[in-house]
Amino acid sequence: MCGRFTLTVDPAELKDAFGDFIFPTQFAPRFNIAPSQPVLAIPNDGKNKADFFLWGLIPSWAKDPGIANKLINARGETVAEKPSFRGSFKYKRCLILTDGFYEWKAGEGIKTKTPYFIHMKDHQPFAFAGLWDEWHSPDGNTLRTCTIITTEPNELMSTLHNRMPVILDKQDYGAWLDAAPQTPERLMPLIQPFPADRMSAHPVSTFVNSPSNDRPECILPA
């Protein structure tokens, strides 16, 4: 799964990495983004513009917005079939922007899991494959929400966990953000483990375990 991540770069750095897109002029660096919080994402609405979505998908047909707590991740193997995700998979996909994420490794004979920070070796920002939707509340408010797709782990991630987020290569952004309805046959080849040799990981302090701790100390090597 993917339950915590970061976006510590500034808008200028995102512009360098994702040159074809428009970003907010300013936003605070985040070192410990947790479910239910705002995340920066680029939806496939044809505008090529990043905006903030709440992390935890609420399908447009949902009666209870509390379903978002159960839909922070979508399994790539079944995303085209599950009622909660198949509509968004076909029509509403997004890039969820990040520069690193956390996973907790269980140690033999140790009760407390060790958190790890995973990032690109070149420390550049990247994008998770995400889905989004709009939910209209009975009082007329609209919530834009999203979820992160996960897949089998690569060689690096398999030492930490049995799942990893789907990280898209830059060359696949266009296909993922195509505003036209898409078939599983076209999209499923994009849902695969990212090359391990382009990634790095190091243990960090259990300081990151609390979502209220959102400071640079979260990513420092333990």
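You'll find the structure just up there.
Visitor: Is there a simple way to think about the sheet that holds strand β1 (residues 5–7) in this case?
Guide: Backbone hydrogen bonds hold the strands of a sheet together, and the pairing may be parallel or antiparallel. If you trace the 5 strands from one edge of the open sheet to the other, you get β2-β1-β7-β8-β12, paired in antiparallel fashion. The open sheet is flanked by β2 (30–33) and β12 (199–203), the only strands paired with a single partner. With strand direction ignored, the average angle separating the axes of adjacent strands in the sheet is 25 degrees. Relative to strand β7 (residues 100–105), β1 runs antiparallel, the two being bridged by 2 bridges.

Visitor: Help me understand the pattern of salt bridges in this model?
Guide: Overall, the coordinates contain 10 salt bridges when judged by the stated rule. The salt bridge involving Arg163 is made with Glu152; its shortest N-O contact spans 3.2 Å. With Arg163 in the loop between β10 (142–151) and β11 (164–165) and Glu152 in the loop between β10 and β11, the pair connects residues that are 11 residues apart, well separated along the chain. Several salt bridges converge on common partners, so that one network encompasses Asp45, Asp51, Glu134 and Arg144.

Visitor: Would you mind going over unusual backbone geometry with me for this structure?
Guide: Comment: phi is negative for the bulk of residues other than glycine, and the bulk of peptide bonds are trans. Notably, Asn48 is not glycine yet its phi reads approximately 55 degrees, a positive angle. Summarising the element assignment, Asn48 is placed in the loop between β3 (38–43) and β4 (51–55). With relative accessibility at 35%, the residue Asn48 sits in the partly exposed group. If you check the backbone angles, His123 has positive phi at about 60 degrees while not being a glycine. The topology assignment puts His123 in the loop between β8 (114–120) and β9 (126–136).

Thresholds applied
- Along every chain, residues carry numbers that run from 1 in the direction the sequence is written.
- Only residues with pLDDT of 70 or above have their local features reported here, since the model is predicted, and side-chain atom pairs are shown and tallied only from 80 upward, although totals for entire chains, interfaces and linings are computed over all residues.
- Side-chain metrics rest on all non-hydrogen atoms present in the structure, leaving aside hydrogens and water.
- We treat two strands as partners when DSSP finds at least two bridges between them.
- Helix and strand assignments follow DSSP, with helices taken as H or I runs no shorter than four residues and strands as E runs no shorter than two, numbered in order from the N terminus.
- Convention adopted: a line fitted to C-alpha atoms gives each axis, helices being fitted over their contacting stretch, and angles between N-to-C directions are expressed from 0 to 180 degrees.
- By definition here, a salt bridge exists when the distance from a side-chain nitrogen of Lys or Arg to a carboxyl oxygen of Asp or Glu is within 4 Å.
- Burial classification: accessible surface area is computed with a 1.4 Å probe over protein chains only, and a residue below 20% of its type maximum counts as buried, one above 50% as exposed, and the rest as partly exposed.

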